[in-house]
Amino acid sequence: MIQFAHLTKQFGKFTAVDDLSFDVSPQAALALWGPNGAGKTTAIKCLLGLLKYSGHILVDTLDAKKQGKMVRRMLGYVPQELAFYADMSALDTALFYARLKSTSPQRAAEVLDQVGLAEHGDKPVGALSGGMKQRLALGLALLADPPILVLDEPTSNLDAAARDHFLHLLSDVKRAGKTVVFTSHRLEEIEALADNVLVMDQGRMLMTCAPGELPRRLGLRTQVKLRLPDGQLDSALTVLQAGGFTVSRNGVGVLVDVLASEKARPINALHDADIEVMDFEVQ
Amino acid sequence: MSSLSIIWTLAQKELRDALRNRWFVLYTVAFAALALAFSYLSLAGAGIAGFAGFGRTAASLINLVLLIIPLMALTIGAQSISSELERGTMSYLLAQPIGRVEVFLGKYLGLALSLLASLALGFGISGVVMVLSGSGAADPSAYITLVALAYLLSLAMLSVGFLISALTRKASVSVGIGLFLWLGFVFLGDLGMMGTSMAMKMPIGSLFAMSLTNPSQVFKMAAILNINATLDILGPAGVYAVHHYGQSLLAIFLATLALWAVVPAALAYARFANRGDL
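Residues numbered from 1 in each chain as written. Chains lettered and ligands numbered in written order. Predicted model: local features only at pLDDT ≥ 70, side-chain atom pairs only at ≥ 80, totals over all residues. Heavy atoms only, no water.

Engineer: With reference to specific residues and values, describe the packing of helix 4 (residues 105-114) of chain A against helix 5 (residues 130-142) of chain A.
Structural biologist: All names here are of chain A. At a minimum axis separation of 9 Å, helix 4 and helix 5 run at an interaxial angle of 135 degrees. Taken together, the axis directions place helix 4 and helix 5 in an arrangement best described as oblique. For the pair helix 4 and helix 5, the sense of crossing is right-handed. Residues Arg107, Val111, Leu112 and Gln114 of helix 4 form the contact with helix 5, whose participating residues are Leu136, Gly139 and Leu142. Partitioning the contact of helix 4 with helix 5 into residue classes produces four nonpolar, two polar and one charged. (Axes fitted to C-alpha atoms, helices over the stretch in contact; angles between N-to-C directions. Helix = DSSP H or I, 4+ residues; strand = E, 2+ residues; numbered from the N terminus. Parallel < 35°, antiparallel > 145°, perpendicular 65-115°, else oblique. Left-handed = near helix turned anticlockwise from the far one by under 90°. Contact = heavy atoms within 4.5 Å. Nonpolar A, V, L, I, M, F, W, Y, C, P; charged D, E, K, R; others polar.)

Structure, rendered in structure tokens:
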């Protein structure tokens, strides 16, 4: 469905994307994973025709460089930085983009309803919350019912509740049979949506893997802060160190270094040793 | 959807935005109010209705157009592309299934229509005053030509504004350059030309050719020729122009203004279309 072949993008002497090649199958969800500056957003902007590049990007049989308008007709795009006309209402915004995408005005109301913004249609976009704007962006991307959805860090600016709601909406979209390409550096997002992960760093592809393998393959680690009852700190430290954890004392609790996919392991270890964990926090 | 429908959708949005832009509204109101005041005072001072009344009103309107219309057109043109680039809305717009030519033409059409609306209001009010006073019947075709010339000037300045906007990324920079150019065209142009001609002892033909490099000057000469049929009041350069080009002078002015409208717009589009990174 989508084919990137030897994509290279340079900004002056800086190479943002370096000889990137990969395919995305129809109805698959591919996550581009990597730290800031890895080249994820640049690759997406090349697909959208917003940047000039060398190499080829094909969508079906269409060349994104030469047939950009036809390619964009097959894409729905949710940007990382939401840039709408702030004084336009949500409904007018949807109607404006519906006209640009040759869809019926009724479709504008339908997508607002689909993303839960029907009752906010009269509000200026500038007055919507971050989560609402993100849902509006998803609604606009779905206006023409495109076969491919392209999302750039779709939940990066959302709080936990809004992120949850948005991921639910995206899961529905994916189930409806769309091909999804998205960039992310959030593990839970990758696990919830992706069929495959392409890991990038410094503009290059490092590897591809299944979402479940990502923490282990990359050795992704995190720190879990555990709050423990008074008097059990020392025994907890002993248990965790015996279990192979790197652990340190932290105020009324301990700080444990774990693999990102094994955050519950120290809690289980303490539970097995009859040490109660009063609270925890993932750092 | 055809390209024309997309262009019209974008033009409607630009028109709506312009009518909500407080600077644009302020310029329009100022232009309309001053046009009304000048018309009333010119006709009242004429004492009698007729060509004298029309001539005075038209002369006042020429000065008013020279001052306000370039400012209005340069400012909105200068903001057209750069402000959307700065806010990131251009990038999102171009991620839609539309081409850059459609975006450019839609923006240009929308702003050109908003300038037309502004001019129609000012000249309309002035025209009504003249008709009510009885002097409007003196020369309606000269009045219509004056409106057309003012509109051509506004398009020329709009195109220059678009070119500035396409060459910059920040709206504040493009508006600053626009204001600087406005000062140059409207206030410093005459002085610069006089100084250059004196310092370089420029032949009269070169002085006339040099005046064509300023769209405001071209409008002024065309408008005076239109109401007076002679450029004597512009001094030796005016006499030279009438003597040398005769009947084709108005056509030369119209063609020059048209070139000022087309060439900067074409250059602006070329820059916008080839801007690789958004």
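From this point on, the discussion continues.
Engineer: Residues and numbers for helix 3 (residues 90-100) of chain A, please.
Structural biologist: What helix 3 of chain A keeps buried is the set A:Ala90, A:Thr93, A:Ala94, A:Phe96, A:Tyr97, A:Ala98 and A:Leu100. Check the buried side of helix 3 of chain A and you find it contacts helix 4 and helix 5 of chain A together with helix 1 (3-20) and helix 5 (89-94) of chain B. Taken from the residues just after helix 3 of chain A, A:Ser102 is the one with a positive phi, measuring 60 degrees. (Buried < 20%, exposed > 50% of the residue type's maximum accessible area, 1.4 Å probe, protein only.)

Engineer: Could you give an account of the domain arrangement of chain A, naming the residues involved and the relevant values?
Structural biologist: What the domain assignment lists for chain A is domain 1 (2-218) and domain 2 (221-282). Spacing between the C-alpha centres of domain 1 of chain A and domain 2 of chain A amounts to 38 Å. (Domains from an automatic or database assignment.)

Engineer: Go over the environment of A:Lys45 with me, naming the residues and quoting the values.
Structural biologist: With respect to the helices, strands and loops of the structure, A:Lys45 is situated in helix 1 (residues 40-47). Separated by 107 residues in sequence, A:Lys45 and A:Asp152 have C-alpha atoms that sit 9.4 Å apart. Those residues within four positions of A:Lys45 in sequence are excluded, and the remaining contacts are A:Leu50, A:Leu51 and B:Leu278.

Engineer: Which residues make up the sheet that holds strand 13 (residues 253-259) of chain A, and what values do they have?
Structural biologist: All names here are of chain A. Pairing is antiparallel in the open sheet, where four strands are placed in the order 12-13-11-14. Two strands lie at the open edges of the sheet, namely strand 12 (246-250) and strand 14 (279-282), each paired on one side alone. On average, each strand axis in the sheet is inclined to that of its neighbour by 25 degrees, with strand direction left out of account. Helix-sheet contacts for helix 10 (residues 265-272) involve strand 11 (221-227), strand 13 and strand 14, and the interaxial angle to strand 11 is about 40 degrees. (Pairing = 2+ DSSP bridges.)

Engineer: Give me the lowdown on the interface of chain B and chain A, citing residues and values where you can.
Structural biologist: Taken together, the contact pairs 27 residues of chain B with 26 residues of chain A. For the pair chain B and chain A, the summed buried surface comes to about 2,500 Å²; carbon and sulfur atoms form 57% of the total. At the boundary of chain B with chain A, the tally comes to two salt bridges. Here B:Glu102 makes a salt bridge to A:Lys69, at a shortest N to O gap of 2.6 Å. Remark: the boundary between chain B and chain A carries eight residue pairs in polar contact (both at pLDDT 80 or more). The set of elements that each furnish at least two residues to the side of chain B that touches chain A consists of helix 1, helix 4 (82-87), helix 5 and helix 6 (100-133) of chain B. Residue contributions to the side of chain B that touches chain A peak at seven residues, all from helix 1 of chain B. Grouping the amino acids of the side of chain B that touches chain A by side-chain chemistry returns ten nonpolar, nine polar and eight charged. (Buried area = accessible area lost by both parts, 1.4 Å probe. Salt bridge = Lys/Arg side-chain N within 4 Å of Asp/Glu carboxyl O. Polar contact = N/O pair within 3.5 Å; in protein donor to acceptor, adjacent residues only side chain to side chain.)

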